Amino acid sequence: MYELIFWKYLDEVYLNHQEVYEAIMEQQSVDGLEELPVQVILNRIASKFSKWEKVDDNSWKNSNGVGAFQVKTTPQSIQIDCYGTEGKTMDTLVDIMEEFKCPLYDPQVPMRYDEMSE
C-alpha cells in the first residue's frame with residue numbers, strides 16, 4: 001500500500017507536516033487547517049475514474065488493468081490508500097487534489113509538495 005495525504009492550511013498558517021499527518025491519522029481536528037469540500041472532491045474523483053469499478057462509496061479498482069485505491073476522509077483531510085496502483089494513476093489523484101489547492105504530503109518520504117518546500 002502507498003499512502004497519499006492531502007490537506008490545506010489556512011492563510012498565513014504553516015505547521016509541522018509530520019505532526020499534522022499524525023493528528024489526521026488519529027482522526028483529530030487540527031487548528032490551522034481548512035475544512036475541505038469533501039463530497040465535491042469525492043464526486044470529482046468518481047467522475048475522473050468513471051471507467052473504474054466502484055467497489056463501494058470510497059473505493060475503486062481498475063477492471064482493465066492493475067491497481068485499486070480507497071479514499072478516507074475527515075472534514076479537513078483526504079487520505080488515499082493505493083494498492084498496486086501505477087504512478088500515472090497516483091499522479092491523476094494528486095492533480096485532482098491540486099484543483100482544490102491541496103498539495104500532497106507523502107508520509108513514505110516524508111515530504112509535503114507545496115510552494116513552501118520549493
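The structure this text deals with has already been given above.
Model, not experiment: these values are computed from the prediction.

Some words on the overall build of the protein
Now for step 1: Per the secondary structure count, the protein includes three helices and seven strands.
Now for step 2: Helices and strands appear in the protein in the N-to-C order β-α-α-β-β-β-β-α-β-β.
Now for step 3: The C-alpha atoms of the protein give 14 Å as radius of gyration, which agrees with the globular expectation for 118 residues (13 Å, within 12%).
Now for step 4: Judged by the C-alpha coordinates and their principal axes, the protein covers about 45 × 25 × 25 Å.
Now for step 5: Split into buried and exposed, the 118 residues of the protein put 43% on the buried side.

Examining the sheet that holds strand β2 (residues 53–56)
Now for step 1: Within the open sheet, the seven strands sit side by side as β2-β3-β4-β5-β1-β6-β7. Their pairing is antiparallel. The open sheet is flanked by β2 and β7 (111–112), the only strands paired with a single partner.
Now for step 2: Across seven bridges, strand β4 (residues 68–74) lies against strand β5 (residues 77–83) in antiparallel orientation. Each bridged residue has a counterpart across the sheet, and for K72 the counterpart in β5 is Q79.
Now for step 3: Packed on one face of the sheet, helix α1 (residues 17–25) meets β1 (2–7), β5, β6 (104–106) and β7 and runs near 100 degrees to β1.

Overview of the environment of G84
Now for step 1: Its place among the elements puts G84 in the loop between β5 and α3 (87–99).
Now for step 2: For G84 and V66, which are 18 residues apart along the polypeptide, the C-alpha to C-alpha distance reads 6.4 Å.
Now for step 3: Those residues within four positions of G84 in sequence are excluded, and the remaining contacts are V66 and G67.

Focus on the packing of aromatic side chains
Now for step 1: With the rule as written, the count across this model stands at eight aromatic pairs.
Now for step 2: Ring centres of W52 and F69 lie 5.5 Å apart, and the angle between their planes is 55 degrees; on these two criteria the pair is classed as tilted. Here F69 lies in strand β4 and W52 lies in the loop between α2 (38–48) and β2, a separation of 17 residues in the sequence. There is no split in this pair, since W52 and F69 are both buried.

Quick word on the pairing of β5
Now for step 1: For β5, the buried fraction is high: six of the seven residues fall into the buried class.
Now for step 2: The pairing of β1 with β5 spans six bridges and is antiparallel. When the sheet's bridge partners are listed, W7 is paired in β5 with S77.
Now for step 3: Linking β4 back to β5 in an antiparallel pair, the connection comprises two residues.

Calculation notes
- Residues numbered from 1 in each chain as written.
- Predicted model: local features only at pLDDT ≥ 70, side-chain atom pairs only at ≥ 80, totals over all residues.
- Heavy atoms only, no water.
- Helix = DSSP H or I, 4+ residues; strand = E, 2+ residues; numbered from the N terminus.
- Rg over C-alpha atoms; globule rule 2.2 N^0.38 Å.
- Buried < 20%, exposed > 50% of the residue type's maximum accessible area, 1.4 Å probe, protein only.
- Pairing = 2+ DSSP bridges.
- Contact = heavy atoms within 4.5 Å.
- Axes fitted to C-alpha atoms, helices over the stretch in contact; angles between N-to-C directions.
- Phe/Tyr/Trp six-rings, centres within 6.5 Å; stacked < 30°, edge-to-face > 60°.

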